[in-house]
Amino acid sequence: MAAAKKAVLGPLVGAVDQGTSSTRFLVFNSKTAELLSHHQVEIKQEFPREGWVEQDPKEILHSVYECIEKTCEKLGQLNIDISNIKAIGVSNQRETTVVWDKLTGEPLYNAVAAPVSPGPSDPVAVVPSGSSVPAAGAASVWLDLRTQSTVESLSKRIPGNNNFVKSLTGGASGGVHCTDVTNASRTMLFNIHSLEWDKELCEFFEIPMKILPNVRSSSEIYGLMKAGALEGVPISGCLGDQSAALVGQMCFQDGQAKNTYGTGCFLLCNTGRKCVFSEHGLLTTVAYKLGRDKPVYYALEGSVAIAGAVIRWLRDNLGIIKTSEEIENLAKEVGTSYGCYFVPAFSGLYAPYWEPSARGIICGLTQFTNKCHIAFAALEAVCFQTREILDAMNRDCGIPLSHLQVDGGMTNNKILMQLQADILYIPVVKPSMPETTALGAAMAAGAAEGVGVWSLEPEDLSAVTMERFEPQINAEESEIRYSTWKKAVMKSMGWVTTQSSESGDPSIFCSLPLGFFIVSSMVMLIGARYLSGMP
């Protein structure tokens, strides 16, 4: 019997999508943007103490290779020839730092994720405006503290906030040590105007510039795969995950915005070739630079720390659901939170508050409240937090969004999408193919000079089928629910003070000398008043 003939589908492009909770490899048809096959592997997160998030770098890298191999096997089962894969793009979790030995390629410590929000003893950077903001880029400093090493001892080694390109192109055996402008812009060590590492910032954080990766554009050939089923295929696209989603949503015009619903929520608005600095708690960041000689584009970004993570918390910590998908059924049973509001500020609040003292609360409970209402309130919380960011973005940009483009795993939840439309009181538009982060990385890789299998010209971009959710409540009801949410947010603030409960009794009497002094002073005062009143 003759072997089945391999299908010829034209040039294909692969994309590594490495996130905080899983790694995926996806393969797209560059002419139609159709997703042909993919494989996903969950990865573990470690929480050595409150506010610290770490991952095993070897597990992350192994998951990348596993996903590539498994996807290629699936393509083979579909009779699709993997030799048609002409390029690979990489989209990675941003603000996560890895330091490894440049001679052995071995990581010196776990991958350190950016803290959800800084605690009293965590690094805080003072920016030129004089305000203090969480130093997400200070993960390098955290790493130095955790390994009890000095920066001088690390200077003989190579750190980087995206080591996939180096690892996939050979690692310690001649791998290319580079990152792209979108990832570099998230380190607090990078000048987003000159597009170079900033000497003043590096000196402030005591990071030797010579150990930082070379910064390249988001779309060019960095090197070739050195192992595995796709050995020899160029790696030619590299974007931080949220920038990749912006490209995948084809938000190439000023004022176009997207919101990605993953572990957190990330709302980015393309501001074109100009930096727009926020007055309402948002971040100015690099959106993309799609080629060595292409201009850089900027974006305003607002981040929600806890989105999909609240569903995982309900599953893993409270046990009210067994799978993440069950949340939609629970919420559907009641169709309301019955006045219950959930503020999932587990380690503080992100934009627009940047309030590390906040902690999660569930309020408005009655004897009637059950797990279904809490599930509904959890979904509403994601939507309310998005509304707060969108309001800030509208004030900064001056032109309110007429609709919101969405993507990410949580967008499969129709209850969530309808709630989002109701709370924003604008239409929510979801592409039929939700893997826009991986698609953006694939588009950047396929469009790179020397690859040229994916055109990013507006007339060549494939039309995308969209699902549209229109508001189904009146504007007054939407505003009432939103204002009640903001009242709940205010109640979540100020829970954490600089005096940790672990440090013992915060009372002034915990100091024995001070206690004796105060008690004796009180006795003397009472005695003096008593004596002065005697005949």
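Residues numbered from 1 in each chain as written. Predicted model: local features only at pLDDT ≥ 70, side-chain atom pairs only at ≥ 80, totals over all residues. Heavy atoms only, no water.

Attention now moves to the overall build of the protein chain. Tallying secondary structure elements over the protein chain gives 14 helices and 25 strands in all. Expressed as a percentage of contacts within the protein chain between residues at least 6 apart in sequence, the contacts between residues at least 24 apart total 70%. Entry remark: accessible area of the protein chain is about 24400 Å², with carbon and sulfur atoms responsible for 55%. (Helix = DSSP H or I, 4+ residues; strand = E, 2+ residues; numbered from the N terminus. Contact = heavy atoms within 4.5 Å. Areas by Shrake-Rupley, 256 points an atom, 1.4 Å probe, with all protein chains shown as cover.)

Below, the discussion takes up the packing of helix H10 (residues 371–397) against helix H13 (residues 475–492). The geometry of H10 relative to H13 is characterised by a closest axis approach of 10 Å and an angle of 95 degrees between their N-to-C directions. As the angle between them shows, H10 and H13 are arranged roughly perpendicular. Contacts between H10 and H13 pair Phe-376, Glu-380, Ala-381, Phe-384, Gln-385, Arg-387, Glu-388 and Asp-391 from the former with Ser-478, Glu-479, Arg-481, Tyr-482, Trp-485, Lys-486 and Val-489 from the latter. Residues belonging to the contact of H10 with H13 are distributed by class as follows: 6 nonpolar, 2 polar and 7 charged. (Axes fitted to C-alpha atoms, helices over the stretch in contact; angles between N-to-C directions. Parallel < 35°, antiparallel > 145°, perpendicular 65-115°, else oblique. Nonpolar A, V, L, I, M, F, W, Y, C, P; charged D, E, K, R; others polar.)

Moving on: the sheet that holds strand S19 (residues 283–288). Strand order across the open sheet formed by 7 strands is S19-S20-S18-S17-S23-S24-S25, with mixed pairing between neighbours. Looking at the sheet topology across the chains shown, the edges are occupied by S19 and strand S25 (466–469). In this sheet, adjacent strand axes meet at a mean angle of 30 degrees when their direction is disregarded. Pairing of strand S24 (residues 428–431) with S25 involves 4 bridges; the strand directions are antiparallel. Among the inter-strand pairings, Lys-430 is bridged to a residue of S25, identified as Glu-467. (Pairing = 2+ DSSP bridges.)

What follows covers the environment of Pro-427. Tracing the sequence through the fold places Pro-427 in the loop between helix H11 (414–424) and S24. The class of Pro-427 is buried, set by a relative accessible area of 12%. Ignoring anything within four residues of it in the chain, the contact list for Pro-427 reads Ser-402, His-403, Leu-404, Arg-468, Phe-469, Glu-470 and Pro-471. (Buried < 20%, exposed > 50% of the residue type's maximum accessible area, 1.4 Å probe, protein only.)

Right, let's get into the pattern of salt bridges. This structure, assessed with the given rule, holds 18 salt bridges. Where Glu-435 meets Arg-24, a salt bridge forms, and the shortest distance between an N and an O atom there is 2.5 Å. With Glu-435 in the loop between S24 and helix H12 (436–446) and Arg-24 in strand S2 (residues 22–29), this pair connects stretches of sequence that are 411 residues apart. Residue classification places Glu-435 among the buried residues on the basis of a relative accessible area of 17%. Using a relative accessible area of 16% as the deciding quantity, one classes Arg-24 as buried. Its salt-bridge partner being Glu-470, residue Arg-468 comes within 2.7 Å of it at the nearest N-O pair. One continuous salt-bridge network, built from bridges that share partners, spans Arg-94, Glu-95, Arg-186, Asp-241 and Glu-301. (Salt bridge = Lys/Arg side-chain N within 4 Å of Asp/Glu carboxyl O.)

As a further point, take the pairing of strand S18 (residues 265–272). The buried fraction of S18 is high, at 7 of 8 residues. Two elements, strand S17 (residues 257–261) and S18, share 5 bridges in a ladder whose sense is antiparallel. Its bridge partner being in S18, Asn-259 is matched across the sheet by Leu-267. Note: S18 against strand S20 (residues 297–304), 7 bridges, orientation antiparallel. Along S20, the bridge assignment pairs Leu-267 with Gly-302.

Attention now goes to H10. Over its 27 residues, H10 extends 39 Å from the first C-alpha to the last, a length consistent with the 39 Å expected when each residue adds 1.5 Å. Counting buried positions along H10 gives 24 out of 27 residues, so the element sits mostly inside the fold. Taking the backbone nitrogen of Cys-372 as reference, a side-chain oxygen 2.9 Å away marks Asn-370 as the first, capping residue of H10. Among the residues trailing H10, Gly-398 stands out with phi positive, at a value near 85 degrees. (Expected span 1.5 Å × (residues − 1). Polar contact = N/O pair within 3.5 Å; in protein donor to acceptor, adjacent residues only side chain to side chain.)

This paragraph deals with the packing of aromatic side chains. Throughout the structure, instances matching the rule amount to 12 aromatic pairs. Here Phe-204 and Phe-205 contribute two aromatic rings whose centre-to-centre distance is 5.0 Å and whose plane-to-plane angle is 85 degrees, an arrangement assigned as edge-to-face. Residues Trp-313 and Phe-346 carry aromatic rings whose centres are separated by 5.0 Å and whose planes lie at 40 degrees to one another, so their mutual orientation is tilted. In this pair, Trp-313 is assigned in helix H8 (residues 308–318) and Phe-346 in the loop between strand S21 (341–343) and strand S22 (361–363), connecting sequence segments 33 residues apart. Assessed through its relative accessible area of 22%, Trp-313 is described here as partly exposed. Accessibility expressed as a relative area gives 25% for Phe-346, which makes it partly exposed. Cluster of aromatic residues (ring-pair linked, three or more members): Tyr-341, Phe-384, Tyr-482 and Trp-485. A cation over an aromatic ring shows up here: Arg-387 above the ring of Tyr-482, its NZ or CZ 3.9 Å from the ring centre. (Phe/Tyr/Trp six-rings, centres within 6.5 Å; stacked < 30°, edge-to-face > 60°. Lys NZ or Arg CZ within 6 Å of the ring centre and 35° of its normal.)

In terms of nonpolar packing, the biggest core is built from 63 residues, with Tyr-261, Leu-314, Val-343, Val-382, Leu-404, Leu-416 and Trp-485 touching the most fellow members. No other element matches the 15 residues that H10 contributes to this core. Among residues more than four places away in sequence, those in contact with Leu-416 are Tyr-261, Leu-379, Val-382, Cys-383 and Met-410. In this structure, Val-13, Ala-33, Ala-441 and Met-443 belong to the second largest nonpolar core, which totals 31 residues. (Core = buried A, V, L, I, M, F, W, Y, C linked by side-chain atoms within 4.5 Å.)

Burial runs high along helix H7 (residues 241–248): 8 of the 8 residues are buried. Taken as a whole, H7 has its buried residues at Asp-241, Gln-242, Ser-243, Ala-244, Ala-245, Leu-246, Val-247 and Gly-248. Looking one or two residues past H7, Met-250 carries a phi angle of roughly 60 degrees, positive in sign.

Here we come to the packing of H10 against H11. Running from N to C, H10 and H11 point in directions that differ by 40 degrees, and their axes come no closer than 9 Å. When the interaxial angle is binned, H10 and H11 end up oblique. Here the hand of the crossing between H10 and H11 comes out right-handed. Contacts between H10 and H11 involve Phe-376, Leu-379, Glu-380, Val-382, Cys-383, Phe-384, Thr-386, Arg-387 and Leu-390 from the first element and Ile-415, Leu-416, Leu-419, Gln-420, Ile-423 and Leu-424 from the second. Considered class by class, the residues forming the contact of H10 with H11 number 11 nonpolar, 2 polar and 2 charged. (Left-handed = near helix turned anticlockwise from the far one by under 90°.)

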